[in-house]
Amino acid sequence: MTAQLRSELRKLRTTRTNLGLVLGLVALILFGVVAGAFSSEADLSVLETQRELIGNGAFAAVFAAMIGVLAMTSEFRHGTIRATFVFTPARMRVVAAKAAASFLVGIGFGALGAGLALGTGVLLIRARGYDVLIDAGDVRKLLLGTIAMSALWAALGVGLGALVRNQVLAIVGLFAWVFVVEILIFQYLPGVGRYAPGAAGTAMTGDTVGDSSVHLLSAPLGAAVLAAYTCALALAGGLALSRRDVT
């Protein structure tokens, strides 16, 4: 298992697409923080506005999920999955190794996103002449929550990729679920929607932005729910691969 994990980490480290995702993450967070800081509608003298500004680091979870999806589906797309299964016939072990490797990379994505948003946000708040109202507790929740959420989403992406296998469908499905389906569920059935993976991840950061925040789970429960989704998808993906031929 250790050798397989090292192999998967090497694949993630040497894939050019992943470097593009890192650059995309940096660009998106910088754009979000700068645009939010200079928006005519943003009142940086309010705590919630400052938290929302720094909360842009949560975008790291989306990019981390794509890392996980690509870790699995790219092998099917390029046909390298055959060689992977030749060296490691136990397909559940392959999925587990990919999920663990993506989890570790997701930690890096979360740390980068949260740290960049925090540093840039605080700098711009002060540059605009406002006091920083976010305390150490808020910072801790945002940083640790974003890092943990990103790691879990990265591993979840591997399970999704193993189930769907088609790269385009997996990525489109991921975005459609997070940015369309979950929003609709949360809007009309908040009691159910708060148990969705996206809402559970948001709860991990201690997010209290907007009226809908009152429906979010506690941070520990959100972490448990998202971890359960991650384990369930990884298990389902591994079982699906074990029961069908690779073509």
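Just above, that's the structure.
Overview of the structure. (Residues numbered from 1 in each chain as written. Predicted model: local features only at pLDDT ≥ 70, side-chain atom pairs only at ≥ 80, totals over all residues. Heavy atoms only, no water.)

A few points about the overall build of the chain
Each helix and strand in the chain was counted, giving 11 helices and zero strands. Overall, the chain shows an N-to-C arrangement of helices and strands of α-α-α-α-α-α-α-α-α-α-α. Against the compact-globule benchmark of 18 Å for 247 residues, the chain has a radius of gyration of 19 Å, which places it among compact chains. Seen through its C-alpha atoms, the chain measures out along the principal axes to roughly 60 × 40 × 30 Å. Going through the 247 residues of the chain one by one, you find that 43% of them count as buried. Sequence separation of 24 or more characterises 81% of the internal contacts of the chain that already satisfy a separation of 6 or more. (Helix = DSSP H or I, 4+ residues; strand = E, 2+ residues; numbered from the N terminus. Rg over C-alpha atoms; globule rule 2.2 N^0.38 Å. Buried < 20%, exposed > 50% of the residue type's maximum accessible area, 1.4 Å probe, protein only. Contact = heavy atoms within 4.5 Å.)

Describing a nonpolar patch on the surface
Together, Trp 177, Phe 179, Val 180, Val 181, Ile 183, Leu 184, Tyr 188, Leu 189 and Val 192 make up a nonpolar patch on the protein surface, roughly 850 Å² of accessible area in all. Here the element with the most residues in the nonpolar patch is helix H8 (residues 167–188); it accounts for seven residues. With respect to the helices and strands, Val 181 occurs in helix H8. (Patch = residues over 30% accessible without salt bridge, like charges linked within 9 Å, V, L, I, M, F, W, Y side chains within 5 Å. Areas by Shrake-Rupley, 256 points an atom, 1.4 Å probe, with all protein chains shown as cover. Salt bridge = Lys/Arg side-chain N within 4 Å of Asp/Glu carboxyl O.)

Observations regarding the packing of aromatic side chains
Centre distance and the angle of the planes are the two values used to describe a pair of aromatic rings. One pass over the full model with this rule turns up one aromatic pair. Geometrically, the ring pair formed by Phe 175 and Phe 179 is stacked, given 5.7 Å between the ring centres and 25 degrees between the ring planes. Placement of both Phe 175 and Phe 179 in helix H8 is noted, with a separation of four residues, approximately one turn of the helix. (Phe/Tyr/Trp six-rings, centres within 6.5 Å; stacked < 30°, edge-to-face > 60°.)

Side note on the packing of helix H7 (residues 136–164) against helix H10 (residues 197–204)
As a packed pair, H7 and H10 sit with axes 7 Å apart at the nearest point and diverge in direction by 150 degrees. It follows from the interaxial angle that H7 and H10 lie roughly antiparallel. Contact with H7, carried on its side by Lys 141, Gly 145, Ala 148, Met 149, Leu 152 and Trp 153, involves Pro 197, Gly 198, Gly 201, Thr 202 and Met 204 of H10 and no other residues of that element. (Axes fitted to C-alpha atoms, helices over the stretch in contact; angles between N-to-C directions. Parallel < 35°, antiparallel > 145°, perpendicular 65-115°, else oblique.)

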